Amino acid sequence: MNFSAQLLARTQDEIFELELNKHLVWIFNQYLTVVFCTCIVTASTDGFGYWTNAAVRFPHPFMIVDFTADEPDVLLDAIENGCQTFVVGQSSAIGFLDRFHNVHDRAIARYPQKRLVIIGADGDSDEQAAAILRHNATRDVMDVLLVSARARENRVDLLTSVYETDEAGVWMLLDSFNVPLASSSGLSAVNLFPDKRTNLRGRYLRLAIFNYEPYTLWQSVNVSREANAYYDHERALQIDGTESRLFVEFCARLNCTLEISLDEAGEWGQIFDNRTGDGIIGAIVERRADVGVGALYSWYHEFQYLALSKPISRTGVTCIAPKPLPLSSWLTAILPFSTPLWLAVIATFLVSTVFEVLVSVVTSKYDPRKRRRVDVCSSVMEVMSIFILQAVLMRTNRNPFTSQMILIGSLLTVGLMVGNAYSGGLASVMTVPRFEKPIDTVQDLADRNLHWGSTHDAWIFSIQLATQPTIVKLLANFVTYPKDVLHEHAKRRSLAYSIERLPYGHYAIGEYITDELAAQYEIMLEDIYWENCVAMATKTWPLMHELDELTLVIFQSGIQRYWEWQVVSKFSDNKVQHAISTSRRFDNPGPIALEPSHLIGAFFLLAVGLALAFGCFLLELLWVQIVQRG
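Procedures and definitions
- Residues numbered from 1 in each chain as written.
- Predicted model: local features only at pLDDT ≥ 70, side-chain atom pairs only at ≥ 80, totals over all residues.
- Heavy atoms only, no water.
- UniProt positions renumbered as here; feature names shortened; annotations may be inferred.
- Helix = DSSP H or I, 4+ residues; strand = E, 2+ residues; numbered from the N terminus.
- Buried < 20%, exposed > 50% of the residue type's maximum accessible area, 1.4 Å probe, protein only.
- Contact = heavy atoms within 4.5 Å.
- Areas by Shrake-Rupley, 256 points an atom, 1.4 Å probe, with all protein chains shown as cover.
- Phe/Tyr/Trp six-rings, centres within 6.5 Å; stacked < 30°, edge-to-face > 60°.
- Axes fitted to C-alpha atoms, helices over the stretch in contact; angles between N-to-C directions.
- Parallel < 35°, antiparallel > 145°, perpendicular 65-115°, else oblique.
- Nonpolar A, V, L, I, M, F, W, Y, C, P; charged D, E, K, R; others polar.
- Disulfide = S-S within 2.5 Å.
- Pairing = 2+ DSSP bridges.
- Arc of directions from axis to C-beta.
- Left-handed = near helix turned anticlockwise from the far one by under 90°.
- Lys, Arg positive; Asp, Glu negative; His and termini not counted.
- Salt bridge = Lys/Arg side-chain N within 4 Å of Asp/Glu carboxyl O.
- Polar contact = N/O pair within 3.5 Å; in protein donor to acceptor, adjacent residues only side chain to side chain.
- Right-handed = clockwise from strand over helix to strand, strands pointing away.

Taking an unreviewed UniProt entry as the reference, the protein is identified by name as Ionotropic glutamate receptor C-terminal domain-containing protein belonging to Anopheles farauti. UniProt, in its Subcellular location (unreviewed entry) section for the protein, records the words "Cell membrane". UniProt, in its Sequence similarities (unreviewed entry) section for the protein, records the words "Belongs to the glutamate-gated ion channel (TC 1.A.10.1) family."

Below, the discussion takes up the overall build of the protein. A tally of helices and strands in the protein yields 19 helices and 23 strands. Split into buried and exposed, the 630 residues of the protein put 46% on the buried side. Here the contacts in the protein between residues at least 6 apart in sequence split such that 75% fall between residues at least 24 apart. For the protein, the exposed surface amounts to about 32,400 Å²; the carbon and sulfur share of it is 58%.

Another point: unusual backbone geometry. For residues besides glycine, phi is generally negative; the peptide bonds are generally trans as well. With omega at -10°, the peptide bond leading from Glu213 into Pro214 counts as cis. Take Pro214: it is sitting in the loop between strand 8 (203-209) and strand 9 (217-220). Positive phi outside glycine occurs at Arg287, with the angle close to 60°. In this structure, Arg287 sits in the loop between helix 7 (279-285) and strand 15 (291-297). One non-glycine residue with positive phi stands out, namely Asn449, at about 60°. Here Asn449 is to be found in the loop between helix 12 (442-448) and strand 18 (452-454). On the basis of relative accessibility, which here comes to 43%, the residue Asn449 falls in the partly exposed class.

The next subject is the packing of aromatic side chains. Aromatic ring pairs are defined here through the distance separating the ring centres and the angle between the ring planes. By the definition in use, this model includes 20 aromatic pairs. With a centroid separation of 6.4 Å and 80° between ring planes, the pair formed by Phe86 and Phe100 is classed as edge-to-face. On the criterion of sequence distance, the pair formed by Phe86 in strand 3 (residues 83-89) and Phe100 in helix 4 (residues 93-106) is long-range, its members being 14 residues apart. The exposure class assigned to Phe100 is buried, which follows from its relative accessible area of 1%. Look at Phe250 and Trp541: their rings are 6.2 Å apart centre to centre, the planes differ by 45°, and that puts the pair in the tilted class.

The contact between helix 16 (residues 544-557) and helix 17 (residues 559-571) brings their axes to 5 Å, and the two run at 80°. Classified by the angle their axes make, helix 16 and helix 17 are roughly perpendicular. Here helix 16 contributes Ile554, Phe555 and Ser557 to the contact with helix 17, which in turn contributes Ile559, Gln560 and Trp563. Within the contact of helix 16 with helix 17, the residues separate by chemical class into four nonpolar, two polar and no charged.

Enumeration over the complete set of coordinates arrives at two disulfides. Between the sulfur atoms of Cys251 and its disulfide mate Cys256 the distance is 2.3 Å. Handedness here is read from the sign of the S-S torsion; for Cys251 and Cys256, about -100°, the answer is left-handed. Of the two residues examined, Cys251 and Cys256, each falls in the buried class. Numbered in order of appearance, the disulfide-bonded cysteines of the protein are paired 1-2, 3-4.

What follows covers the pairing of strand 15. Within strand 15, seven of the seven residues are buried, leaving the element largely enclosed by the surrounding structure. Bridge analysis of strand 8 against strand 15 gives two bridges, and the strand direction is parallel. Each residue of the ladder has a partner; that of Ala208, found in strand 15, is Gly292. Where strand 15 meets strand 23 (residues 529-537), four bridges bridge the pair, whose relative direction is antiparallel. Considered in strand 23, the bridge of Tyr297 is made with Cys533.

The complete set of buried residues in helix 5 (residues 126-134) reads Ala129, Ile132 and Leu133. Buried residues along helix 5 cover an arc of 95° about the axis, so they all sit on one side. Where helix 5 is buried, its residues touch helix 4, strand 4 (115-120), strand 5 (143-150), strand 6 (155-163) and strand 7 (169-178).

Glancing now at the packing of helix 6 (residues 244-254) against helix 16. In contact at an axis separation of 11 Å, helix 6 and helix 16 are set at 120° when each is read in the N-to-C sense. Considering only the axes of helix 6 and helix 16, their crossing is right-handed. Contacts from Leu246, Phe247, Glu249, Phe250, Arg253 and Leu254 in helix 6 reach Glu546, Leu547, Leu550, Thr551 and Ile554 in helix 16.

Okay, the UniProt feature "transmembrane region" (unreviewed entry) in the protein next. Following the UniProt record, the feature "transmembrane region" (unreviewed entry) maps to residues 341-362, 405-427 and 599-624 here. Counted over residues 405-427, helix gives 100% and strand 0%. Its end C-alpha atoms are 32 Å apart.

Mapped onto the elements of the fold, Lys114 is located in the loop between helix 4 and strand 4. Here Lys114 sits buried without a salt bridge, and the closest side chain of opposite charge, Glu80, lies 9.6 Å off (N-O distance). Among the polar contacts listed, one links the side chain of Lys114 to the backbone oxygen of Tyr111, at a separation of 3.1 Å. The contact partners of Lys114, leaving out residues within four places of it in the chain, are Gln84, Phe86, Phe100, His104, Val141 and Asp143.

The buried fraction of strand 4 amounts to six of the six residues, a majority that puts the element mostly inside the structure. In strand 4, alternate side chains face the same way, and those of Arg115, Val117 and Ile119 on one face and Leu116, Ile118 and Gly120 on the other are all buried. The parallel pair strand 3 and strand 4, bridged by helix 4, forms a crossover whose chirality is right-handed. Pairing analysis gives six bridges linking strand 4 to strand 5, with the strands arranged parallel. Looking at the pairing, Val117 lines up with Leu145 of strand 5.

Summed over the entire model, instances satisfying the criterion amount to 19 salt bridges. The salt bridge involving Asp444 is made with Lys437; its shortest N-O contact spans 3.2 Å. Judged by its relative accessible area of 17%, Asp444 falls in the buried class. Among the residues examined, Lys437 registers a relative accessible area of 55% and is labelled exposed. Note that Asp527 is salt-bridged to Arg501, the shortest N-O span being 2.5 Å. Placement of the pair is Asp527 in the loop between strand 22 (521-523) and strand 23 and Arg501 in strand 20 (residues 496-501), with a sequence separation of 26 residues. Among the ionic contacts, a cluster of salt bridges with common partners joins Asp105, Asp140 and Arg287.

Below you can see the structure in the form of structure tokens.
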């Protein structure tokens, strides 16, 4: 009799497994064909493996991952090969979830919408199922299906997770049926993976930001109804900004609650090799925040650790450099010609002098009437007189040679052209103010060897891998200082400052550039580089697809133009914005009256000449004294 009962129980168990296997095949075919690949995760703690046999009939690729194998990265390899859905036994689910974040953080492949199917057996307890929902990894897997098989009762319960609070959820019963009475076709009326993304039921969205106009701004409020975000689970912050508003709209659309993560000292932050960090990106990589925003660019290094959203906006990074100062008046006599032209004039003068001396020496040697000594100083003064449009005495009775006439004639022609060109340039210099060479291009900034900087190295993250000599030089000249130090440098005009050209005509300028200082700076004509602003999230954040959809809708609507204008007008210093936007426009003062300062250059040359003459006079007296005593 006992033998018959055992045989009957064994037969019923096998029938239960066989029928359940059919239902699992139907579930796999119905709900898992939308993904590229499925991972079947097994472990020695699994009660039985009938559901692994059901996977043999998968209509798409699948991989079996055995946790008992010696290969430590077998799950990582599976994810890299495209696994987006995981089928795991309830007894080994906690072990799988313990590996979930670490493995996905190391993976290059990113699939935000994942599905997890957990197969339970008779020996699995309700406390074990509750522990699965308390695990922090289930926060990043919204589509969870628990197939609770109860062989003793010939019943299968189909449950999914529902977030009642941010810390944990509860299992919600989707359907329950008896085996083998129910047919798989009877499940078709039940959606085993209901859409939980359209209504997040107030779930916290942890957003990392810092104060950076006009992208992200926050302030504490005393009245909770004035707040639109939480901090430490208290409704105490009001956030605004061109990118913060995107997430306000996101939570209004999906019914979630913004929980803000702040790190003002870290600003954009950095990520270390041990997957720790500070600032916005540090909070995300350490999973203190789900997503971060605030002029984050598509940086290569950060892409290896985080997931990047669709572009939110386009920005151009350029510099404001000190405005060119008026050139000193003592340079008036030099300014009419450029440096290459001065070199050409000096070379012409020297060559002309040499030819004049050479011709004079030869002609005096063959003078049939009288041999005389050639005066080199006289030749130099004659050439100089020609170049400054002065008269030259030509004694044809001394030098009746045609060659010398031709030489002097050519010198007179060249001197006429050079002298008149100089006179015209001098008249222009004395009536139109001349300034230092401005910094208009990236090459100008590199050639000037002027340091440029800001409060954080994030400004050069996008160009750190550049190999162009100009960009490499700019990287070497980039410096970071606290805001107060940058403000002091701005007073001394010793630095250029990185700013952003916003997509709709405004600028993102550090608060260390005040209204008084902005008037002393002008914006470069070229951008150093341009970038796409994105949101960064953990690689397993399940709402990236929804954020991308909303980003594209807002972008195509054009409302970002209005947001930018509104935020800049509300929070930025409009005088600074105006000063920078008009920094390249110069008013024409019209003709100006000549003043004594315009002749400082001539006085300077006179002073130099008098000093040299007096010095030579003293040396000549000294030389005469020495000769007479000798």
